[in-house]
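# Chain and residue survey
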Amino acid sequence: MRIFVERILRGAGKLILNSSKNIVSKKDGVGNFVLQADLISEKYILESIKKRYPSHKVFSEENTDRIDNPENEKGLWIVDPLDGTTNAKNNIPFFSVSIAYVENGIVRVGGVYDPNRDELFLAKKGEGAYCNGIKISVKNETELEDLIVNIGSPYSTENFRLTYPMEKVFYEKGARMVNFGSAALEGVWVASGRLGAYFEAGLKPWDIAAVQLIVSEAGGRMVDPYNVGNFSVFNQKAVVIGNEKIVNKILKFW
Ligand code: IPD
Ligand code: CA
């Protein structure tokens, strides 16, 4: 399965690079578009999964099918065919493809591919996290002054209002703030020790399912500050990602 995930991530990434970035439709929220590249990548991934695992279900961003009680599914794929659509639309080379394989609510395999840098982040439950085959781990730093914190950019006003006030809080604790524009890629950049922490409200399962496993296999944690101790990729209000000590410090901000 790991090799299959790697193959479709790379295939989808290549398709995105070569696909039109024209807008096909608009979704709810500010600047929330679907590009031809989203749909071309999604079609390729969904057809590949269906061919290889015909009995499995797929929960994918641009697909209209929604799954009731995803935690009860024995073979479920969660797909973001293009994460960082705004960047792709504007020729900014920071976007990714994210795929997770989930059994009964537990992510077993997670992969995020950055086609611009040809970096493939992958984890299998219990077997560590890797970037292009090299083991990765979260940063060790325990002080916010030493870290870069990435704040996400939600489309909806409700999630924007939960997310952006926190930028001031992090800033006042001494962190450097950035926002690169692909939650999945930013999440695995925390897993690989490039970024110190990530925060955003209102992320969807396809933004974080693969990241959750990669971060935890890299020695880090993903937590919902509104529901600490009860994390589900299917049901969270916001996510904080970082090493254990930094996450515990950040949780005190609420
Ligand atoms: C978005 C990106 C963005 C994050 C948004 C996501 P999309 O995903 O990951 O960085 O801040 O919340 O919805 O629309 O590019 O797949
Ligand atoms: Ca997407």
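Residues numbered from 1 in each chain as written. Chains lettered and ligands numbered in written order. Predicted model: local features only at pLDDT ≥ 70, side-chain atom pairs only at ≥ 80, totals over all residues. Heavy atoms only, no water.

### Overview of the coordination of the calcium ion (ligand 2)
Protein coordination of the calcium ion (ligand 2) is provided by Glu-61 (OE), Asp-80 (OD), Asp-80 (OD) and Leu-82 (O), with donor distances spanning 2.1 to 3.1 Å. One chain supplies every donor for the calcium ion (ligand 2), spaced along it as E-x18-D-x1-L. Both residues of the pair, Asp-80 and Leu-82, belong to the buried class. (Donors = N, O, S within 2.8 Å, 3.2 Å for Na, K, Ca; no water. Buried < 20%, exposed > 50% of the residue type's maximum accessible area, 1.4 Å probe, protein only.)

### Remarks on the packing of helix α1 (residues 2-18) against helix α2 (residues 36-52)
Between α1 and α2, the least distance of the axes is 9 Å, while the angle of their chain directions is 155°. When the axes of α1 and α2 are compared, the pair comes out roughly antiparallel. Crossing of α1 over α2 shows right-handed handedness. From α1, Phe-4, Arg-7, Ile-8, Gly-11, Ala-12, Leu-15 and Ile-16 reach across to α2, where they touch Ala-37, Ile-40, Ser-41, Tyr-44, Ile-45, Ser-48, Ile-49 and Arg-52. Along the lines of polarity and charge, the residues of the contact of α1 with α2 split into 10 nonpolar, 3 polar and 2 charged. (Axes fitted to C-alpha atoms, helices over the stretch in contact; angles between N-to-C directions. Helix = DSSP H or I, 4+ residues; strand = E, 2+ residues; numbered from the N terminus. Parallel < 35°, antiparallel > 145°, perpendicular 65-115°, else oblique. Left-handed = near helix turned anticlockwise from the far one by under 90°. Contact = heavy atoms within 4.5 Å. Nonpolar A, V, L, I, M, F, W, Y, C, P; charged D, E, K, R; others polar.)

### Focus: the sheet that holds strand β5 (residues 96-103)
Ordered by their spatial adjacency, 7 strands build an open sheet running β3-β4-β5-β6-β7-β8-β9, and the pairing between neighbours is mixed. Looking at the sheet topology across the chains shown, the edges are occupied by β3 (57-60) and β9 (134-135). Here strand β8 (residues 129-131) runs beside β9; their pairing, made up of 2 bridges, is antiparallel. The residue of β9 that forms the bridge with Cys-131 is Ile-134. Packed on one face of the sheet, α2 meets β3, β4 (76-83) and β5 and runs near 155° to β4. (Pairing = 2+ DSSP bridges.)

### Describing the domain arrangement of the protein chain
For the protein chain, the assigned domains read domain 1 (2-135) and domain 2 (144-251). Taken residue by residue, the interface counts 45 residues in domain 1 and 25 residues in domain 2. Buried area between domain 1 and domain 2, both sides added, is near 2600 Å², and the carbon and sulfur share of it is 68%. On the domain 1 side of the interface with domain 2, the three residues burying the most area are Phe-94, Val-107 and Phe-121, jointly 23% of the side's total. Linking domain 1 with domain 2 are 1 salt bridge, by the criterion used here. Ionic pairing is found between Arg-194 and Glu-119, a salt bridge with its closest N-O pair at 2.8 Å. Among the elements of the structure, β3, β4, α3 (85-89), β5, β6 (106-114) and β7 (119-124) are those that each provide at least two residues to the side of domain 1 that touches domain 2. Broken down by element, the residue count for the side of domain 1 that touches domain 2 peaks at 7 residues, all from β6. Within the side of domain 1 that touches domain 2, the residues separate by chemical class into 18 nonpolar, 14 polar and 13 charged. (Domains from an automatic or database assignment. Buried area = accessible area lost by both parts, 1.4 Å probe. Salt bridge = Lys/Arg side-chain N within 4 Å of Asp/Glu carboxyl O.)

### What about the pairing of strand β10 (residues 148-151)?
Taken together, the 3 bridges between β10 and strand β11 (residues 176-178) define a ladder with parallel strand orientation. By the bridge assignment for β11, Asn-150 is matched with Val-178. Here β10 runs beside strand β12 (residues 197-201); their pairing, made up of 3 bridges, is parallel. Within β12, the position partnered with Val-149 by the bridge is Ala-197.

### A few points about the packing of aromatic side chains
The description of two aromatic rings rests on the distance between their centres and on the angle between their planes. This model, assessed by the stated rule, comprises 12 aromatic pairs. Arranged with centres 5.7 Å apart and planes meeting at 80°, the rings of Phe-4 and Trp-77 form a pair that is edge-to-face. Here Phe-4, found in helix α1, pairs with Trp-77, found in strand β4; they are 73 residues apart in sequence, far enough to count as distant. For the pair Phe-4 and Trp-77, a shared accessibility class is recorded, and that class is buried. Between Trp-77 and Tyr-101 the ring centres are 5.0 Å apart and the planes differ by 50°, which places this aromatic pair in the tilted class. Of this pair, Trp-77 sits in strand β4 while Tyr-101 sits in strand β5, and the two are 24 residues apart along the sequence. Residue Trp-77 shares its accessibility class with Tyr-101, and that shared class is buried. Among the aromatic residues, ring-to-ring pairing joins Phe-4, Tyr-53, Trp-77 and Tyr-101 into one connected group. The ring of Trp-189 is capped by Arg-194, whose NZ or CZ atom sits 4.9 Å from the centre of that ring. The lysine or arginine in question, Lys-237, covers the ring of Tyr-226, its NZ or CZ lying 4.3 Å from the ring centre. (Phe/Tyr/Trp six-rings, centres within 6.5 Å; stacked < 30°, edge-to-face > 60°. Lys NZ or Arg CZ within 6 Å of the ring centre and 35° of its normal.)

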